[in-house]
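What follows is each chain in one-letter form.
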Amino acid sequence: MESSLFDPVLPDSWGDVLNVVVFSAVIYAFVIASHRLVGKRAASQMNNFDWIVTVAMGALMGSTILSESVSLVEGLVAVTTLLALQYLVTSAAVRWPTFRHAVQAGPRLLYYEGIALEDALKGERVTESDVLHAARDAGHRSLSEVAAVVLESDGTLSVLPASGDGVATAAVPLLSNVSGLPAFLPPIDDPDGVPERSEGSSNSGEMPAGGGTDDGTKHKNDGS
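Residues numbered from 1 in each chain as written. Predicted model: local features only at pLDDT ≥ 70, side-chain atom pairs only at ≥ 80, totals over all residues. Heavy atoms only, no water.

So what's going on with the sheet that holds strand β2 (residues 115-116)? Which residues, and what values?
The sheet built from 4 strands is open, its strands ordered β2-β1-β3-β4 with antiparallel pairing. Among the strands making up the open sheet, the edge pair consists of β2 and β4 (157-161). Sheet topology note: the strand β1 (residues 108-112)/β2 ladder contains 2 bridges and is antiparallel. Of the residues in β2, the one forming a bridge with Tyr111 is Ala116. Relative to the sheet, helix α6 (residues 128-137) contacts β1, β2, β3 (146-151) and β4, its axis offset from that of β4 by approximately 60°. (Pairing = 2+ DSSP bridges. Helix = DSSP H or I, 4+ residues; strand = E, 2+ residues; numbered from the N terminus. Contact = heavy atoms within 4.5 Å. Axes fitted to C-alpha atoms, helices over the stretch in contact; angles between N-to-C directions.)

Shown next, in the form of C-alpha cells:
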C-alpha cells in the first residue's frame, strides 16, 4: 500500500483519538486532585528539586497520554510516586536542617555594597552581565542603588535596594541565611558593630571587584 502525504497527520483509527481525550481528562483530574491533597508545595518551584519534579511530571503525563507502551495505570502510579517522593523530601528538609543542606543549595551572595564577589560569581557560573540585568529588571538605574544581589536556591537573582539610613546591609536579617558575606563585616546579630554603608559603585553601572574600607581593611572577595 502506497504511503500518503496525510499518513503522519491522520491517526490509524479515531479510537486512538478518543483514548487520548479520555487519558488527558483522567490524568488532568488526577493531578489536580493529588495536588490538592499534597498541598501547594507540589506545584511550587522553590528549589531545584521542585523544578525537577515538575519537569518529570510533565514528561510522564505526556508519555501516558500519547505512548501506546505506557498504560494509564502505569502513568498514574508514576505521577503518584513522584508526588510522594517530593512530599517526603520536603517534609524531611523542614524537619532536619542537615538533610535540607544535603538536598538543597542555599542562597549565596554575589554582589555586596559596591563589590562584585568574583569567586562567588565564578563558582555559581553567573556573569556580571546577569547581575546587571537583575538590577535593571528590579527597576534600578545604577548599581549605586543596589545594596546586595543574592542567588537564591531556585536559581533566581534577588536584588536588595540600598538603604537610605546609612546602615550597612549586613544588619538586614534577610541575609542571615545567605552564605558569602564578606569576612570584614561583623555578624548580622551584632548591629552595634555594623559600619556605615558604603557608597557602592559609580553610576556608570560598572561592577568593582575589590576595594577597601575607610579604616584600611581590605575587602575580601572570597565569596565563601
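Next, the rest of the story.
Before we move on, can you summarise the packing of aromatic side chains with the specific residues and values?
The tally for this structure, following the rule as stated, stands at 0 aromatic pairs. Its guanidinium or amino end placed over the ring of Trp96, Arg95 lies 5.7 Å from that ring's centre, counting from NZ or CZ. (Phe/Tyr/Trp six-rings, centres within 6.5 Å; stacked < 30°, edge-to-face > 60°. Lys NZ or Arg CZ within 6 Å of the ring centre and 35° of its normal.)

With reference to specific residues and values, describe α6.
Taken together, the buried positions of α6 are Val131, Ala134 and Ala135. With its buried residues spanning 100° around the axis, α6 presents them on a single face. Of the exposed residues in α6, the ones pointing more than 90 degrees away from its buried face are Ser129, Arg136 and Asp137. Turning to α6, the residues buried within the fold contact β1, α5 (118-124), β3 and β4. (Buried < 20%, exposed > 50% of the residue type's maximum accessible area, 1.4 Å probe, protein only. Arc of directions from axis to C-beta.)

Describe in detail the nonpolar core, supporting the description with residues and values.
Counting residues in each nonpolar core, the largest one holds 23 residues, and the members touching the most others are Leu109, Tyr111 and Val146. Contributing elements (two or more residues each) for this core: β1, β2, α5, α6, β3 and β4. Other than its neighbours up to four places away in sequence, Leu109 contacts Leu117, Ala120, Ala148, Val149, Val150, Val178, Ser179, Gly180, Leu181 and Pro182. Core analysis: the second largest hydrophobic core is formed by 9 residues, Ile27, Val31, Met57 and Val79 among them. (Core = buried A, V, L, I, M, F, W, Y, C linked by side-chain atoms within 4.5 Å.)

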